[in-house]
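Coordinates in review
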Amino acid sequence: MPEGRGSRIDPDRLRQAADLLDQATTADDKAAGRFAEARVDSTPFGISPQARELATRWAAALAAREADARVLGDATSDLAGRLRMAAESTRSTGFRGRIAVAP
């Protein structure tokens, strides 16, 4: 249920959300690792120029997915940290503002 204007932010809910984001970060890290392993473990499908080109494209696609997963994991971890800081500031100062999220 959305909170209305002027309602107090629950620090426990912020910490729980941060914990869930940490779990998502772990999943992102695992995905990045699997993409990296797949890229290293991939073997060319043959010795023809077409097979080498396909293997090169496949490796590039895996490298791009690995990079995407790492960027997503970093951003997710940053957001978890912001939620934890917001949870602490609500407890100590009675903060009732919004949490800024980077695009």
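What this report covers is the structure whose coordinates are included nearby. The structure displayed is predicted, hence computed values, not measured ones.

Within the largest apolar cluster, seven residues are counted, these being Ile9, Leu14, Ala18, Ala80, Leu83, Ala86 and Ala87. Going through the elements one at a time, helix H1 (11-41) and helix H2 (49-93) are the ones with two or more residues in this core. Broken down by element, this core gets its largest block of residues, four residues, from H2.

Within this structure, the stated rule accounts for eight salt bridges. With its nearest N and O atoms 3.6 Å apart, the salt bridge here joins Glu88 to Arg15. Of this pair, Glu88 sits in helix H2 while Arg15 is found in helix H1, placing the two residues 73 residues apart along the sequence. Residue Arg15 is classed as partly exposed on the basis of its relative accessible area, which comes to 24%. One salt bridge connects Asp22 with Arg84, and the closest N-O pair in it is separated by 2.6 Å. Taken as a pair, Asp22 in helix H1 and Arg84 in helix H2 lie far apart in primary sequence, 62 residues in all. Salt bridges sharing common partners tie together Asp12, Arg15 and Glu88.

Between its terminal C-alpha atoms H1 stretches 45 Å, which fits the 45 Å expected from 31 residues at 1.5 Å a residue. Turning to H1, its buried residues number three or more, namely Pro11, Leu14, Ala18, Thr25, Asp28, Ala32 and Ala36. Of the residues that open H1, the one with a side-chain oxygen 3.1 Å from the backbone nitrogen of Asp12 is Asp10.

Relative to the helices and strands, Glu66 resides in helix H2. Setting aside residues up to four positions removed in sequence, Glu66 forms contacts with Ala32, Phe35, Ala36 and Arg39.

Thresholds, definitions, all that
- Residues numbered from 1 in each chain as written.
- Predicted model: local features only at pLDDT ≥ 70, side-chain atom pairs only at ≥ 80, totals over all residues.
- Heavy atoms only, no water.
- Core = buried A, V, L, I, M, F, W, Y, C linked by side-chain atoms within 4.5 Å.
- Buried < 20%, exposed > 50% of the residue type's maximum accessible area, 1.4 Å probe, protein only.
- Helix = DSSP H or I, 4+ residues; strand = E, 2+ residues; numbered from the N terminus.
- Salt bridge = Lys/Arg side-chain N within 4 Å of Asp/Glu carboxyl O.
- Expected span 1.5 Å × (residues − 1).
- Polar contact = N/O pair within 3.5 Å; in protein donor to acceptor, adjacent residues only side chain to side chain.
- Contact = heavy atoms within 4.5 Å.

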